[in-house]
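# Observations on the model geometry
Each chain, letter by letter, is given below.
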Amino acid sequence: MRSEREQCRKKACPAARFLGHGVNNDMTVIKRMESYRFEEILQRGDTSRVSPLFVSWVTRISRKMAFAKGNCECMGGKMLKRQPISKNQNPDLGIAKAESIFTGAGVALVTPMKENLEVNYDKLDEILEWQIAEGTDAIIICGTTGESATLSEEEHANVIRFAIERVNHRIPVIAGTGSNCTATAVQLSKEASEAGAEGVLVVTPYYNKATQNGLIAHYKKIASEITAPIILYNVPSRTGCGMTPQTIATLIKDVDNIAGVKEASGNISAVAQILHLCDGNVDLYSGNDDQTIPMLSLGAKGVISVLSNVAPKYTHEMVMNYLNGNVKQSAKMQLDALPLCDALFCEVNPIPVKAAMNMMGKNVGSLRAPLTEMEDANKEILKREMAAMHLI
C-alpha cells in the first residue's frame, strides 16, 4: 500500500492530495464507514439538519472511500478512470469548493530560533505537537509570521519538509511559497508540492508589485507548474500590491488548482464582493484575527490565525461554534479576544506573538534582523492581555 500511496502522491491524485495520504492507516475505518452510506448523504444534498463541520467531514471520508476503492486516477502506477469531484458539485451543501484544504482555524506558525538565530527544529517539533493536541485544523508554515523573508531558500525548504514529515498528514500542512520573483515562487511551490504539502499559500509580489493582469499571469504560471492547491494571499498593507475582487474571482474560476484566498485587506466590503463574484464557490479564509466571525458570516471557511499561536484551542472552538450554529457564543469569543488581538499587532508581526509565546514558556527565541525585540511599554500591554485570557 505504501508504494501505491507514493505513486498516487507523485501523480497528484486528488484523493491522496486532499486527504493526507493516510489511507494505509485507515483502511479498516473506511470499510466500516461504507456501511453508513455517507456517499448517499452527499448525493442527496439532504443536509438541512447537519452542521457544516459534519458535511465537510463526510466529504473527506467520501474521498477516502473512493481512494480505497481505486476510484482515483493512479493506483499502483496504473492510470485508472478517475471520477472527479468538480468545483461546483453539490452546491446545496453550502461547500465553496469540494476540495477544500481545511475548514476551521489554521495557525500561521512562528519559526522558533536558537540563541545564534539558527532554526530550532527541536522546538518546532514541540510546537507542532502542541498545536495538533490543542485542535488546530491546519499548519501554515513559512508565512509572514514564520519570518519567511529572512529565511534562506535552503532553510525555507528544510522547514517546510520538516513540518510535513512531523505532522505526517494528521492535519493539513500549507506552505508559504510566495515571492516577488515569479520563478522563485514557482521553485518554492514545486518543492513544497513535491514534499507533500496539502497546499501552498502564495502572497502577491511585493515591492516591484504588478498590475492586475500581471498578478493573473503570475498566479497562472505558478499553478501550471504544481499540483498542490493554491491559496492566494491578499495583504496589501504588507506588499503594496493588492488584488481586486475581480482578479481573485477570475483566478478562482479559471484555474482548477487555485482553491481559495487568504483575505487580509481588512475590507469587509471587498470580502463580500469576492464571495458574490465567485457565487460562493471560493474557500475564503480570514487573514485578520479580529475579523474572523464577520468573515464567517459572509461565507468564509475559517481563519489563518496569528492568535492560534498562543490560543489554538480557543481559536478553533470559536470558529467551530460559529460553524455549528452557536453564533452567539462565537461572537462573544471574538469580542472577548479583541484586546489580545490588538496587542498581538501593536508592533509588526511576528514581534508580539513571539514575545507572547516566550511569556508562556514556549521558548521560541528571538527574531532575525531587521525585526527587533518588543518595546517594554508594549510588552506590558501584551502581558496584561495574555493574563486576561488566562494564557499566562
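What comes next is a walk through the structure. (Residues numbered from 1 in each chain as written. Predicted model: local features only at pLDDT ≥ 70, side-chain atom pairs only at ≥ 80, totals over all residues. Heavy atoms only, no water.)

### A short note on helix H17 (residues 376-388)
In a regular helix each residue adds 1.5 Å, so 13 residues correspond to 18 Å; H17 covers 18 Å between its end C-alpha atoms and thus fits that length. By the burial criterion, the buried members of H17 are Asn378, Leu382, Glu385 and Met386. The arc enclosing the buried residues of H17, seen along the axis, measures out at 105 degrees, which places them on a common side. In H17, the exposed residues that point more than 90 degrees away from the buried face are Asp376, Ala377 and Arg384. The inward-facing, buried residues of H17 abut helix H15 (327-344) and helix H16 (351-359). (Helix = DSSP H or I, 4+ residues; strand = E, 2+ residues; numbered from the N terminus. Expected span 1.5 Å × (residues − 1). Buried < 20%, exposed > 50% of the residue type's maximum accessible area, 1.4 Å probe, protein only. Arc of directions from axis to C-beta. Contact = heavy atoms within 4.5 Å.)

### Observations concerning the pattern of salt bridges
The tally for this structure, following the rule as stated, stands at 10 salt bridges. Note that Lys123 and Glu126 form a salt bridge whose closest N and O atoms lie 3.0 Å from each other. Here Lys123 and its partner Glu126 are both found in helix H6 (residues 121-133), 3 residues apart, which amounts to about one turn of the helix. A salt bridge links Lys332 to Asp336; its shortest N-O distance comes to 2.7 Å. Here Lys332 and its partner Asp336 are both found in helix H15, 4 residues apart, which amounts to about one turn of the helix. Classification of Asp336 as partly exposed rests on a relative accessible area of 37%. Overlapping salt bridges bring together Lys190, Lys221 and Glu225 as one network. (Salt bridge = Lys/Arg side-chain N within 4 Å of Asp/Glu carboxyl O.)

### Focus: the environment of Leu215
Looking at where Leu215 falls in the secondary structure, it is placed in helix H9 (residues 212-225). By relative accessible area, which is 0% here, Leu215 ends up buried. Leu215 sits 36 residues away from Leu251 along the chain, and the two C-alpha atoms are 9.4 Å apart.

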